[in-house]
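Examination of the molecular architecture
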Amino acid sequence: MKRRLTVKAIALITICLIFSACVSFDKGWKYMAEKESNENIAELIEKAIRLEETASTREDVKEIVSLYMQVEKTDPENYFALWKAGNYNLLLGAAHADSKRDKKHYYRESIKYSEKAMFTNDSFKAAVLGGETIVSAAKHLSKNEVDAMGYWYTARFYYFKECMTSLRRAFNTKIVIENNEIIALIDKLDPNWAGGGNFFSRALYYIAVPERFGGSKEKAAEEFNKAIEVGPDYYVNKWGRAKYLYSITGNKEGFVSDLKWVIEQDPKKGGNPHAWNVYFQKDAKKMLENEGVELY
């Protein structure tokens, strides 16, 4: 009897661990805003875009998000404002969060706003309200919604990598599988989205997955090369190759070369928004300093 109880207790504990390890995200469209104001949308968006051209600090990025949220209060289904709010919440988590708790908050906000943006597509809206999953309903989305799709899966990747323990990642591989389905859809709609964003993400997939399940550092290198070819002025590509590939393959020369190239660029001229470029450059300097590399 004692042995049976022990087995049952272990089974119960195991089940509890599995359920507690599984991560779920609230559906963004459940939080669609109600119209609250009649502010001039064009002026708000123009102000946000002007700030994007020079933004570099956490306060700047928060102000950009605030401006797009003000647009949302006037026009709750303004696609541009929604995906932009998702993108800059992602940046807040990646570059300006002081704790894992803050990262979780901003990445969840990014996912939520990206889903709100997708929800502005009537066919997608009907599908998810009819019970389809986001990945299944995404087949109704068009090239017009690619930014929302792209930053949705990117925020989920960041959450998976930075906010989960190894155990939780093991129980949440569904996130990676679903992300790859969205990447495949974007491949059909806009294969060169965001200066090679899909190639970049596939590279991360090949790095993260064990070789026995299809992972490959060689394939990752090929995907990074494709990203750089498609988006040579997107600083994220060489920054990412150094950070995620060369740092683990031991390619010190490539690591230093890529990061120095990022640092030497003008953040106003890169393909990514200014605030993102500032982040890539600051992180590149930090990585080189940690390796004892002299910058000048």
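None of these values were measured; they are calculated from a predicted model. (Residues numbered from 1 in each chain as written. Predicted model: local features only at pLDDT ≥ 70, side-chain atom pairs only at ≥ 80, totals over all residues. Heavy atoms only, no water.)

Details of the overall build of the protein
- The helix and strand tally for the protein stands at 15 helices and zero strands.
- Once the C-alpha set of the protein is aligned to its principal axes, its extents read approximately 70 × 55 × 35 Å.
- Looking at the 296 residues of the protein, the share that counts as buried comes to 49%.
- Restricting the contact set of the protein to residue pairs at least 6 apart, pairs at least 24 apart contribute 65%.
- Computing the positive centroid from 44 side-chain charges and the negative centroid from 41, the protein places the two 9 Å apart. (Helix = DSSP H or I, 4+ residues; strand = E, 2+ residues; numbered from the N terminus. Buried < 20%, exposed > 50% of the residue type's maximum accessible area, 1.4 Å probe, protein only. Contact = heavy atoms within 4.5 Å. Lys, Arg positive; Asp, Glu negative; His and termini not counted. Charge placed at Lys NZ, Arg CZ, Asp CG, Glu CD.)

Quick notes on the packing of aromatic side chains
- Following the criterion strictly, the structure yields 20 aromatic pairs and no others.
- Ring centres 5.7 Å apart and planes at 5° place the aromatic pair Trp83 and Tyr151 in the stacked group. Of this pair, Trp83 sits in helix α4 (residues 79–95) while Tyr151 sits in helix α8 (residues 146–162), and the two are 68 residues apart along the sequence. In terms of burial, Trp83 and Tyr151 fall into one category: buried.
- Among the aromatic side chains, those forming a connected cluster through ring pairs are Tyr68, Phe80, Trp83, Tyr151, Tyr153, Phe157 and Trp193. (Phe/Tyr/Trp six-rings, centres within 6.5 Å; stacked < 30°, edge-to-face > 60°.)

Focus: the pattern of salt bridges
- Taken as a whole, this structure holds 15 salt bridges when the rule is applied.
- The partner of Glu77 in a salt bridge is Lys125, and the shortest N-O contact between them spans 3.1 Å. Here Glu77, found in the loop between α3 (58–74) and α4, pairs with Lys125, found in helix α6 (residues 122–129); they are 48 residues apart in sequence, far enough to count as distant.
- A salt bridge links Lys226 to Glu223, with the shortest nitrogen-to-oxygen separation between them at 3.6 Å. One end of the pair, Lys226, and the other, Glu223, are both in helix α12 (residues 217–230), three residues apart, so they sit about a helical turn from each other. (Salt bridge = Lys/Arg side-chain N within 4 Å of Asp/Glu carboxyl O.)

A short note on the packing of helix α14 (residues 252–264) against helix α15 (residues 274–290)
- Between α14 and α15, the least distance of the axes is 9 Å, while the angle of their chain directions is 140°. Judged by the angle between their axes, α14 and α15 are oblique. For the pair α14 and α15, the crossing hand works out as left-handed. Where α14 approaches α15, its residues Phe255, Val256, Leu259, Lys260, Val262 and Ile263 are matched on the opposing element by Phe280, Gln281, Ala284, Lys285, Met287 and Leu288.
- Considering only residue class, the contact of α14 with α15 consists of nine nonpolar, one polar and two charged. (Axes fitted to C-alpha atoms, helices over the stretch in contact; angles between N-to-C directions. Parallel < 35°, antiparallel > 145°, perpendicular 65-115°, else oblique. Left-handed = near helix turned anticlockwise from the far one by under 90°. Nonpolar A, V, L, I, M, F, W, Y, C, P; charged D, E, K, R; others polar.)

What to know about the environment of Lys219
- Looking at the secondary structure, you find Lys219 in helix α12.
- With relative accessibility at 40%, the residue Lys219 sits in the partly exposed group.
- In the structure, Lys219 is positioned 12 residues away from Ile207 in sequence and 8.6 Å away in space, judged by C-alpha atoms.

Points about the packing of helix α2 (residues 41–52) against α3
- Their axes nearest at 9 Å, the elements α2 and α3 cross at an angle of 165°. In terms of their interaxial angle, α2 and α3 are classed as roughly antiparallel. Remark: the crossing between α2 and α3 carries left-handed chirality. Facing Ile41, Leu44, Ile45, Lys47, Ala48, Ile49, Leu51 and Glu52 of α2, the residues of α3 in contact are Asp60, Glu63, Ile64, Leu67, Tyr68, Gln70, Val71 and Thr74.
- A class-by-class count of the residues in the contact of α2 with α3 yields 10 nonpolar, two polar and four charged.

A closer look at unusual backbone geometry
- The phi dihedral of Ala194 is positive, around 55°, even though this residue is not glycine.
- Relative to the assigned elements, Ala194 resides in helix α11 (residues 193–208).

Observations regarding α14
- With 13 residues, α14 extends 18 Å from end C-alpha to end C-alpha; this agrees with the ideal 18 Å at 1.5 Å per step.
- For α14, the set of buried residues is Gly254, Phe255, Val256, Asp258, Leu259, Val262 and Ile263.
- Those residues of α14 hidden inside the fold are in contact with α13 (235–249) and α15. (Expected span 1.5 Å × (residues − 1).)

Considerations on the environment of Asn38
- In this structure, Asn38 sits in the loop between α1 (2–21) and α2.
- Judged by relative accessible area, which is 69%, Asn38 ranks as exposed.
- A sequence separation of 37 residues divides Asn38 from Asp75, and the C-alpha atoms of the two residues are 8.6 Å apart.

Describing the side chain of Asn78
- The residue Asn78 is located in the loop between α3 and α4 in this model.
- One polar contact links the side chain of Asn78 to the main-chain amide nitrogen of Ala81, over a distance of 3.0 Å.
- Excluding residues that lie within four positions of it along the chain, Asn78 makes contacts with Ile41, Ile45 and Val71. (Polar contact = N/O pair within 3.5 Å; in protein donor to acceptor, adjacent residues only side chain to side chain.)

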